[in-house]
Amino acid sequence: MNELKKIFRSFKNNFFHLETNYFTVGGIKKNLSFFFKSGHVLSHILDRLRFHIYPKLMMSANFPTHLEVEIASKCQMRCPMCWTTYMKDHFKGIMKLDLYKKIIDEASSKGVFSIKLSWRGEPLLNPNLIEMINYAKSKKIKNVAFLTNAELLTDKLTEKLLETELDWISISADGVDEVYNKIRFPAKFEETLFKVERLKKRRESLGKSKPLIRVQSIASAIKKNPEKFNSSWKNRVDKINIIADQIRDFDVDHDKLEFDKYFICPKPFQRLAIGHTGKVHQCIADYEGKNILGDINTQTIEDVWNGEKNRLLRESFKNHTYYKINKACQQCSYGLVQKKDEIITSDVDLKIDINSFKDVPDIVSKKGVEKETPANLIPKNKREEYKKIIS
């Protein structure tokens, strides 16, 4: 009977939810508004049907519908809950322009709908960012976007971005005030608010609707003051997202975690994650390249997508063995058993029901940051300032 309950629970999560760990303030109404503002409505609907439905049926098209193209895997910040902070240096770098164009040329020829120019690092560090956006749009990629911490979003870069046809930009901004300042050092909360507000105001002054702007935070980072987070961002962005806390430990003991063995991860059936060197990782949870599916320097995207390694990855979900044989899955939260949770707020319009992952602790507690970035990882000229922030 217990096994039947597990199967039913997994069936419900796999077939009746799209993003079980990702939540939008304002719910479906806000998501639909963002969707229609993104444009290309008919092709977007057709793409999303394939993007969401194929994985539920454990099917894959002949080519991925979406690509994660990591144009930078290094970051100028040292956030204590981020894997990139602790990632070995040889994983960090900048994607070369010729490799990027090779990726985009094939993606364009195969009709890829969307690409995201970010993954482990900060895309604003790539000096070719503007050219990369323009190249993808010139090749008729309909949806081009990236995630950023916005610390490097200068006035000059803001103007350059608004000259492109970038579709949307996502700001990673965990918590408010002192919580944000500790986590996102050396960025400061008020300065980040100003930079994003400047982007939106300038966009509107130019009469443009894009890039759309969203902000996202780890759930535990805003539990202390969700009202302040919402009021700070609601007039500065087009959408506010909350993300369930996830495993943030390379050395996690996966034997102590409760995996849902019937979980179907959509990623192997819908997208590829191409690192800055051209190596194709199992997914965006595979930070350290534990399962390299191929290399775009010597292979085509199509060959990797339909290759033996990717086939075996998909088979591991069909056979319910993914969490036993894939090392990257053992560091990933998506396959863990989930539980109902909520962000409690005095604002009735802001009540947020979420799912959290069982056995995964809050990254941020009510008292602040549970993890502090080791002092030796902070640049020497910033260490005294950081000590003051965390004291």
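Residues numbered from 1 in each chain as written. Predicted model: local features only at pLDDT ≥ 70, side-chain atom pairs only at ≥ 80, totals over all residues. Heavy atoms only, no water.

**What about the side chain of threonine 373?**
This is how it is decided: In this text, helices come from DSSP runs of H or I with a minimum length of four residues, and strands from runs of E with a minimum of two, each type numbered from the N-terminal end. Burial here depends on accessible area, computed with a 1.4 Å probe over protein chains only, as a share of the maximum for the residue type. Under 20% is buried, over 50% is exposed, and the range in between is partly exposed. Polar contacts, as counted here, are pairs of nitrogen or oxygen atoms within 3.5 Å of one another; within protein the pair requires one atom able to donate a hydrogen and one able to accept it, and residues that are adjacent in sequence qualify only if both atoms are side-chain atoms. Whether two residues are in contact is decided by their heavy atoms: any pair within 4.5 Å suffices.
Inspection of the secondary structure puts threonine 373 in the loop between strand S14 (368-369) and helix H16 (383-390). The exposure class assigned to threonine 373 is buried, which follows from its relative accessible area of 4%. Of note is the side chain of threonine 373, whose polar atom sits 2.6 Å from the backbone oxygen of arginine 78. Not counting the four nearest positions on each side in its chain, threonine 373 is found in contact with Arg78, Cys79, Pro80, Thr85, Tyr86, Ile378 and Tyr386.

**Some points on the pattern of salt bridges**
Note the following rule: Any carboxyl oxygen of Asp or Glu that lies within 4 Å of a side-chain nitrogen of Lys or Arg is treated as forming a salt bridge with it.
The final tally for this structure, using the stated rule, is 24 salt bridges. Its salt-bridge partner being lysine 224, residue glutamate 178 comes within 3.3 Å of it at the nearest N-O pair. Of this pair, glutamate 178 sits in helix H8 (residues 177-183) while lysine 224 sits in the loop between helix H10 (219-222) and helix H11 (226-233), and the two are 46 residues apart along the sequence. Between lysine 290 and glutamate 288 there is a salt bridge, with its nearest N and O atoms 3.9 Å apart. One salt-bridge network, in which partners are shared between bridges, spans Glu68, Lys116 and Arg271.

**Things to note about the sheet that holds strand S1 (residues 22-24)**
To keep it simple, the criterion reads: Any two strands with at least two DSSP bridges between them are considered paired. Between the N-to-C directions of two axes lies an angle of 0 to 180 degrees, each axis being a line fitted to C-alpha atoms and, for a helix, fitted only over the stretch in contact.
Strand order in the open sheet formed by ten strands is S1-S7-S6-S5-S4-S3-S2-S8-S9-S10, with mixed pairing between adjacent strands. Looking along the sheet, the strands with just one partner apiece sit at the ends: S1 and strand S10 (292-295). In this sheet, neighbouring strand axes are inclined to one another by 25° on average, regardless of whether the strands run parallel or antiparallel. Bridge count for strand S5 (residues 168-172) against strand S6 (residues 212-218) is five bridges, and the pairing is parallel. Residue pairing for S6: isoleucine 171 is matched across the bridge by valine 215. Along the sheet face, helix H5 (residues 97-109) touches strand S2 (66-69), strand S3 (114-116) and strand S8 (271-274) and points at about 175° away from the line of S2.

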